[in-house]
Amino acid sequence: QVQLVESGGGLVQPGGSLRLSCALSGSIFRFYAMGWYRQAPGKQRELVASITSGGSTNYVDSVKGRFTISRDNAKLYLQMNSLKPEDTAVYYCNLEAVVTMTGPRTSHWGQGTQVTVSS
């Protein structure tokens, strides 16, 4: 059974920094990509950053130059610098993978971690 657990969220002042972590437990057969999504009150969930098995990264325009996604083994990170109030949201870790050798490609989600940017 695959589980994703986010951590590192909290309250930070505008201009501050946070680093989110996502720990993967359980085994997977093939890894395709991981990403960070966020959802603010009254808004739809959006993809913030993603990273492929080959290490290629992509970012939504609003966070380019401020956020960095990275991965090592079973952990995914999101370094967030120069935070703005509009970054306030619940941040979710996502995994796209084939869990078993004969199984389909599936999407997995963590429970989310709250990031609040406010003075």
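Conventions and cut-offs
Residues numbered from 1 in each chain as written. Predicted model: local features only at pLDDT ≥ 70, side-chain atom pairs only at ≥ 80, totals over all residues. Heavy atoms only, no water. Helix = DSSP H or I, 4+ residues; strand = E, 2+ residues; numbered from the N terminus. Rg over C-alpha atoms; globule rule 2.2 N^0.38 Å. Buried < 20%, exposed > 50% of the residue type's maximum accessible area, 1.4 Å probe, protein only. Contact = heavy atoms within 4.5 Å. Areas by Shrake-Rupley, 256 points an atom, 1.4 Å probe, with all protein chains shown as cover. Lys, Arg positive; Asp, Glu negative; His and termini not counted. Charge placed at Lys NZ, Arg CZ, Asp CG, Glu CD. Pairing = 2+ DSSP bridges. Axes fitted to C-alpha atoms, helices over the stretch in contact; angles between N-to-C directions. Disulfide = S-S within 2.5 Å.

A. View of the overall build of the protein chain. Secondary structure assignment for the protein chain yields zero helices and 11 strands. Secondary structure elements of the protein chain occur, N-terminal to C-terminal, as β-β-β-β-β-β-β-β-β-β-β. For the protein chain, whose C-alpha radius of gyration is 14 Å, the value lies close to the compact-globule estimate of 14 Å for 119 residues. For the protein chain, the C-alpha atoms occupy an extent of roughly 50 × 25 × 25 Å along the three principal directions. Across the 119 residues that make up the protein chain, the buried fraction comes to 37%. In the protein chain, the share of contacts with a sequence separation of at least 24, taken over all contacts with a separation of at least 6, comes to 56%. Accessible area for the protein chain stands at about 6500 Å²; split by element, carbon and sulfur atoms hold 47% of it. Mean positive and mean negative side-chain charge positions of the protein chain (11 and 7 charges, respectively) differ by 4 Å.

B. Spotlight on the sheet that holds strand 7 (residues 67-72). Taken together, four strands build an open sheet; the order of strands is 1-3-8-7 and the sheet is antiparallel. The two strands at the open ends of the sheet, each matched to only one other strand, are strand 1 (3-7) and strand 7. Direction aside, the axes of adjacent strands within the sheet are offset by 15° on average. Here strand 7 runs beside strand 8 (residues 75-80); their pairing, made up of six bridges, is antiparallel. Paired with S70 across the bridge in strand 8 is Y77.

C. Quick look at the state of the cysteines. Under the criterion given, the structure shown has one disulfide. The disulfide bridge from C22 ends at C93, spanning 2.1 Å between sulfur atoms. Taking the torsion about the sulfur-sulfur bond, which here is approximately -80°, the covalent link between C22 and C93 counts as left-handed. Here C22 is found in strand 3 (residues 18-25), whereas its partner C93 is found in strand 9 (residues 89-98), with 71 residues between them in sequence. Each member of the pair, C22 as well as C93, is classed as buried.

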